[in-house]
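Examining the three-dimensional arrangement
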Amino acid sequence: MKIAIINGPNLNLLGKRETDIYGNQPFEKYLGELKALFPSVLFDYFQSNIEGELIDELQKVGYTYDGIVLNPAGYTHTSVAIGDAIAAIKAPVIEVHISNVHAREDFRKLSHVSGKSAGSIFGLGLKGYELAIRWLIDHQ
Ligand code: DQA
């Protein structure tokens, strides 16, 4: 099974960015844990700070991968185009947010991604990625 993990802007700074909200762990380290937890899954990891690159990646993996775990970060709240890309592709997308976006500023309550995704997980920290992967495995 092939699962793509796509992270949006500023998630390359996990571990040093607002650690009270996002925790102390760099994503690459957590990815190692995910690979150990799911040895039979082939993972593709992509991170970009650029909206169009995230869309290119969704289009690239969206017809050949079995599932996508997507944290569009700040673009969640602004990007109609990322929502359109999710609607266009075949692979199921699970939206993940590390923080509870509904318990923060009002602008974070709007998601252009939730309505196009198979499901959304927020507020459970990095564990949300693991839960999303488990769902994708169970629903192949
Ligand atoms: C985030 C929440 C977004 O509102 C924010 O812009 C991020 C990270 C999260 O994982 O909690 O960059 O997607």
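Predicted model only: the values in this text are computed from it and were never measured. (Residues numbered from 1 in each chain as written. Predicted model: local features only at pLDDT ≥ 70, side-chain atom pairs only at ≥ 80, totals over all residues. Heavy atoms only, no water.)

**What to know about the confidence of the model for the protein chain**
What counts here: Each residue carries a pLDDT score, the predictor's own confidence in it, on a scale running from 0 to 100. Helix and strand assignments come from DSSP, with helices taken as H or I runs of at least 4 residues and strands as E runs of at least 2, each series counted from the N terminus.
Scored by pLDDT, the protein chain comes out at a mean of 98, with 100% of its residues at no less than 70. When mean pLDDT is compared element by element in the protein chain, strand S3 (residues 67-71) scores highest at 99, while helix H1 (residues 19-22) scores lowest at 96.

**Observations regarding the sheet that holds strand S5 (residues 119-122)**
Sheet strands pair via backbone hydrogen bonds, and the direction of the pair is either parallel or antiparallel. The following threshold applies: When DSSP finds two or more bridges between a pair of strands, those strands are recorded as paired. Helix axes use the C-alpha atoms of the stretch in contact, all axes being lines fitted to C-alpha atoms, and the angles between their N-to-C directions lie in the range 0 to 180 degrees. Residue contacts follow a heavy-atom distance rule, with two residues in contact if any of their heavy atoms lie within 4.5 Å.
A sheet is described by the order of its strands in space; here 5 strands give the open sequence S2-S1-S3-S4-S5, paired in parallel fashion. The sheet terminates laterally at strand S2 (42-47) and S5, the two strands that pair on one side only. Averaged over neighbouring strand pairs, the angle between their axes works out to 20° when direction is ignored. Contacts from helix H3 (residues 51-61) reach strand S1 (2-7), S2 and S3, with the element oriented near 175° to S1. Each of S1, S2, S3, strand S4 (93-97) and S5 touches helix H5 (residues 127-138); the most contacted strand, S3, lies at about 160° to it.

**A short note on the site of the ligand**
To keep it simple, the criterion reads: Definition of nearness: a residue and a molecule or strand are near each other if at least one heavy atom of the residue lies within 4 Å of the molecule or strand. Each polar contact in these results corresponds to two N or O atoms within 3.5 Å; when the atoms are within protein, one needs to be able to donate a hydrogen and the other to accept it, and residues that are neighboring in sequence are counted only if both atoms are side-chain atoms. Surface accessibility follows the Shrake-Rupley procedure with a 1.4 Å probe radius. Residue values consider only the protein chains on display as shielding. A pocket here means an open set of points on a 1 Å grid, computed over the protein atoms alone, that has protein on both sides within 12 Å along at least five of seven lines. A cavity is instead a set of points where a 1.4 Å probe fits but cannot get out; residues with an atom within 4 Å of a point line either one. The way we define it, a molecule is inside a pocket or cavity when more than half of its atoms are within 2 Å of that pocket's grid points. When residue character is reported, Ala, Val, Leu, Ile, Met, Phe, Trp, Tyr, Cys and Pro are called nonpolar, Asp, Glu, Lys and Arg charged, and the others, Gly included, polar.
Arg17, Tyr22, Asn71, Ala73, Gly74, His77, His97, Ile98, Ser99, Val101 and Arg108 make up every residue found near the ligand. In this structure, arginine 108 approaches the ligand through a side-chain N or O atom, which is 2.8 Å from an oxygen atom. For the ligand, whose unbound accessible area comes to 320 Å², protein coverage reaches 97%. According to the grid-proximity analysis, the pocket containing the ligand is the largest pocket. Taken together, the residues of the shell around the ligand sort by class into 4 nonpolar, 5 polar and 2 charged.

**Quick look at the pattern of salt bridges**
How we decide: In the sections that follow, a salt bridge refers to a side-chain nitrogen of Lys or Arg positioned within 4 Å of a carboxyl oxygen of Asp or Glu. Any residue under 20% of the maximum accessible area for its type is buried, any over 50% is exposed, and the rest in between are partly exposed; the area is computed with a 1.4 Å probe on protein chains only.
Using the criterion set out here, one finds 7 salt bridges in the structure. A salt bridge links lysine 109 to aspartate 106, with the shortest nitrogen-to-oxygen separation between them at 2.7 Å. A relative accessible area of 39% places lysine 109 in the partly exposed class. Judged by relative accessible area, which is 59%, aspartate 106 ranks as exposed. One connected set of salt bridges, linked through shared partners, spans Arg104, Glu105 and Arg108.

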